[in-house]
Amino acid sequence: MEHHPAAAWLTQAATSAVQQHGTGNLLRVVLIVMIFGCALTAWFLLRGYKRKDD
């Protein structure tokens, strides 16, 4: 597997951010994305039930 400088830079930036600020920001982002994803999935699944069978 090749080593990419950009991937190493991103990994180091993420690691240092977690060490400096803790996991609070990461957890907040994960929760927001999860809630948005659940709402989007619910809308997608429930929109089929709105059809009127005439």
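Here the structure is a predicted model, which means the values were calculated and not measured.

Chemist: In this structure, what is going on with the overall build of the protein chain? I would like to understand it.
Modeler: The number of helices and strands found in the protein chain is two helices and zero strands. Expressed as a percentage of its 54 residues, the buried residues of the protein chain come to 0%. Just so you have it, the protein chain exposes about 5,500 Å², and 67% of that area is on carbon and sulfur atoms.

Chemist: Is there a simple way to explain the UniProt feature "transmembrane region" (unreviewed entry) in the protein chain in this structure?
Modeler: What UniProt calls "transmembrane region" (unreviewed entry) maps, in this numbering, to residues 26–46. With 100% helix and 0% strand, residues 26–46 has end C-alpha atoms that lie 30 Å from one another.

Chemist: Would you mind going over a nonpolar patch on the surface with me for this structure?
Modeler: Residues F36, L40, W43, F44, L45, L46 and Y49 make up a contiguous nonpolar surface patch of about 900 Å² in total accessible area. Position of F36 among the secondary structure elements: in helix α2 (residues 24–46). The exposed category is assigned to F36, whose relative accessible area is 57%.

About the criteria used
- Residues numbered from 1 in each chain as written.
- Predicted model: local features only at pLDDT ≥ 70, side-chain atom pairs only at ≥ 80, totals over all residues.
- Heavy atoms only, no water.
- Helix = DSSP H or I, 4+ residues; strand = E, 2+ residues; numbered from the N terminus.
- Buried < 20%, exposed > 50% of the residue type's maximum accessible area, 1.4 Å probe, protein only.
- Areas by Shrake-Rupley, 256 points an atom, 1.4 Å probe, with all protein chains shown as cover.
- UniProt positions renumbered as here; feature names shortened; annotations may be inferred.
- Patch = residues over 30% accessible without salt bridge, like charges linked within 9 Å, V, L, I, M, F, W, Y side chains within 5 Å.
- Salt bridge = Lys/Arg side-chain N within 4 Å of Asp/Glu carboxyl O.

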